[in-house]
Number of protein chains: 2
Amino acid sequence: MRATILSLTRRAVLAALLLAVAASLASAQVDPLPSWNSGGARVAIIDFVARVIREGGPDFVPGEDRIGVFDNDGTLRSEQPAYFQAAFAFDQIRALAKDHPEWNDKQPRKAMLEGDMKSLAASGEKGLLEIVAATLAGMNVSDFNALVADRIKAAHHPRLDRPYSDLVFRPLLELRASPRANGFSPFIVSGGGEFTRAWAPDIYGIPPEQIIGSSGKTEFRLDGDKPEIAKLPAVEFVADGPGKPVGINRFMGRRPVFADGNSDGDLQMLPWARLNSGLRFGLIVHHADAERAWAYDRNSSVGRLDKGLDEAPRRG
Amino acid sequence: MRATILSLTRRAVLAALLLAVAASLASAQVDPLPSWNSGGARVAIIDFVARVIREGGPDFVPGEDRIGVFDNDGTLRSEQPAYFQAAFAFDQIRALAKDHPEWNDKQPRKAMLEGDMKSLAASGEKGLLEIVAATLAGMNVSDFNALVADRIKAAHHPRLDRPYSDLVFRPLLELRASPRANGFSPFIVSGGGEFTRAWAPDIYGIPPEQIIGSSGKTEFRLDGDKPEIAKLPAVEFVADGPGKPVGINRFMGRRPVFADGNSDGDLQMLPWARLNSGLRFGLIVHHADAERAWAYDRNSSVGRLDKGLDEAPRRG
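All values derive from a computational prediction rather than experimental measurement.

### Remarks on the overall build of chain A
A tally of regular secondary structure across chain A gives twelve helices and eight strands. Within chain A, buried positions represent 57% of all 316 residues. Taking all contacts inside chain A whose residues are at least 6 apart in sequence as the whole, residues at least 24 apart take part in 65%. Total accessible area computed for chain A in this model is approximately 12500 Å², and 50% of it derives from carbon and sulfur atoms.

### A closer look at the side chain of Ser215 of chain A
Residues and elements named next belong to chain A. By the element assignment, Ser215 lies in strand β5 (residues 215-223). Given the relative accessible area of 11%, Ser215 is considered buried. Of the polar contacts made by the side chain of Ser215, one reaches the side chain of Glu236; its length is 2.7 Å. Ignoring sequence-local partners within four residues, the contact set of Ser215 consists of Glu194, Val235, Glu236, Phe237 and Arg250.

### Examining the interface of chain A and chain B
Taken together, the contact between chain A and chain B spans 32 residues of the former and 32 residues of the latter. Taking both partners together, chain A and chain B bury about 2900 Å²; carbon and sulfur atoms supply 57% of that area. Interface area lost by chain A to chain B is led by Glu209, Phe220 and Arg250 of chain A, which between them contribute 20%. For the pair chain A and chain B, the interface holds four salt bridges. Salt-bridge contacts for Glu209 of chain A lead to Arg254 of chain B; the nearest nitrogen and oxygen are separated by 2.8 Å. For the side of chain A that touches chain B, the secondary structure elements donating two or more residues are α7 (141-154), β5, β6 (226-237), α10 (243-252) and α11 (269-274) of chain A.

### Some words on the side chain of Asn140 of chain A
Residues and elements named next belong to chain A. Relative to the helices and strands, Asn140 is located in the loop between α6 (124-136) and α7. Side chain to side chain, Asn140 and Glu228 meet in a polar contact 3.5 Å long. Not counting residues up to four positions away in its chain, the partners in contact with Asn140 are Glu228, Ile229 and Ala230.

### Some thoughts on the relation of the copies chain A and chain B
Note that the two copies of the chain are related through a rotation about an axis and a translation along the same axis. You can overlay chain A on chain B at an RMSD of 0.0 Å; the transform is a turn of 180° with a shift of 0.0 Å along its axis. Such a combination of rotation and displacement between the chain copies is what one expects of a two-fold axis. Relative to the rotation axis, the closest C-alpha in chain A is found at Phe251 of chain A, a distance of 3.2 Å. In this assembly, 100% of the residues forming the interface of chain A have copies in chain B that are likewise at the interface, indicating an isologous arrangement.

So, how was this worked out
Residues numbered from 1 in each chain as written. Chains lettered and ligands numbered in written order. Predicted model: local features only at pLDDT ≥ 70, side-chain atom pairs only at ≥ 80, totals over all residues. Heavy atoms only, no water. Helix = DSSP H or I, 4+ residues; strand = E, 2+ residues; numbered from the N terminus. Buried < 20%, exposed > 50% of the residue type's maximum accessible area, 1.4 Å probe, protein only. Contact = heavy atoms within 4.5 Å. Areas by Shrake-Rupley, 256 points an atom, 1.4 Å probe, with all protein chains shown as cover. Polar contact = N/O pair within 3.5 Å; in protein donor to acceptor, adjacent residues only side chain to side chain. Buried area = accessible area lost by both parts, 1.4 Å probe. Salt bridge = Lys/Arg side-chain N within 4 Å of Asp/Glu carboxyl O. Least-squares fit on C-alpha atoms with pLDDT ≥ 70 in both.

Now the structure itself:
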């Protein structure tokens, strides 16, 4: 078992590369991680994949058990200055606010209307999900999915001035090219949950059932003979911190062999994958390039990495 | 869009055969449904699969969207005289009952201890799940999975005198042989949920993340440095009736193109798959062979099929 802290820049980012690595090891020629800085993490990932796919070897893992879980926001794509779902919720709240004058005094909606990121961040992932659930209540899930997909295409990031859909860390694009190479199945475990499902499958090349995480409550309804699933104004599940391994168990019913995250919200998911029998791998992405993206760790309002920097060396 | 009621015997059973059908159509020689009675349902399934896999045809469905959902108890295997998870709960309750004299007076535990199947059935799927949740509270999910897998291997069916693991309807065994032929992905949507996950993957050749359904609440715990997920004494979700489409949406985030069930508990799942744009298929299995298995429909205590017999002809 091993884990590594990886300091990285925007180009030399991160993650899932199990698939690209495995595909490349199979062909044995191409560098599977061209956008990574050379160093411990890169070598360790390549070594890990080589061991688990070697049939007859002591660390062999059968194809159907080669499951990797990846945090999304901050790990697979930028989460600064705010989660994309927060930007979506902003739009949604503003559009509805004229009919709800009482929101002007109520946190965290007030913070949203005023663009007060600090107060908003203080409400955490759960607070954000509650706002979203309240503003989307009554909408059918098919309409919700279409709306999010449209917004993400149209929206631009406030600082980087590019569509949000472009702000995916590069190595993930390599993952798309060989989605099930060597039998590795990537799962995204995201606080964004159903948001991520609505826009990410095409961009990452991962089907929605492999994107798991937070969800709002829903209800089956018949509109005449037409069946619909409608969103209710309540949070069902928050996939953050201890909610990540609970969500993995709920959605997958088994433990992954590889986990990758970037913040203290991933600190329960990593050992859940890593501290099991057999060779396992846990990776913490540490963002350190303030120039091209964001450097953030102990004092960040979004994606704080504090305990993780203390615990990672102790846990190897 | 089409749906069919199928009268069947134990050998001429049922279901998922999408995969076997598709594999066979690809080779174009072998009868894909040798254990089916010839007739409307058999012809309709073969026709449906042929259409959705024909590239360029008007009904073509891309590989990644070829998802079929199948009820488990009564559809893929026998649910008579009681759900297998009920038999497991019986054992569990009896083993613990000596420490809980108060159970002797409390329904539905009392019915379990006395073997009173009628009262037990009256408590429904939710009542059963509540008993199970209460008796398993505090157990780690890994221990739960191992325990269920052991029990199902050891247990014998009371009337048919065979291991429960043998009581899988024959055509499902064909499904195991070609699990992803032509890109069809089978999902089991089961009231048994986490029970089914614990014993079915090996028998059906379907990974646990494609077995979705009812669940108990769980909690992440650290036993020293060792992470565990423990079962709590509460039902989280019941995948029956309207809970089936809600569960499909929660676990998969998209709608299937084929659905197969056998009771009124499947009557919301079927139209959720079937009443969508494009060619879709809904199938109701009607058990009619009392001699080799069970015939049951309008008045059965388990797996009642009543409304379904009225609605199926109306809905085509």
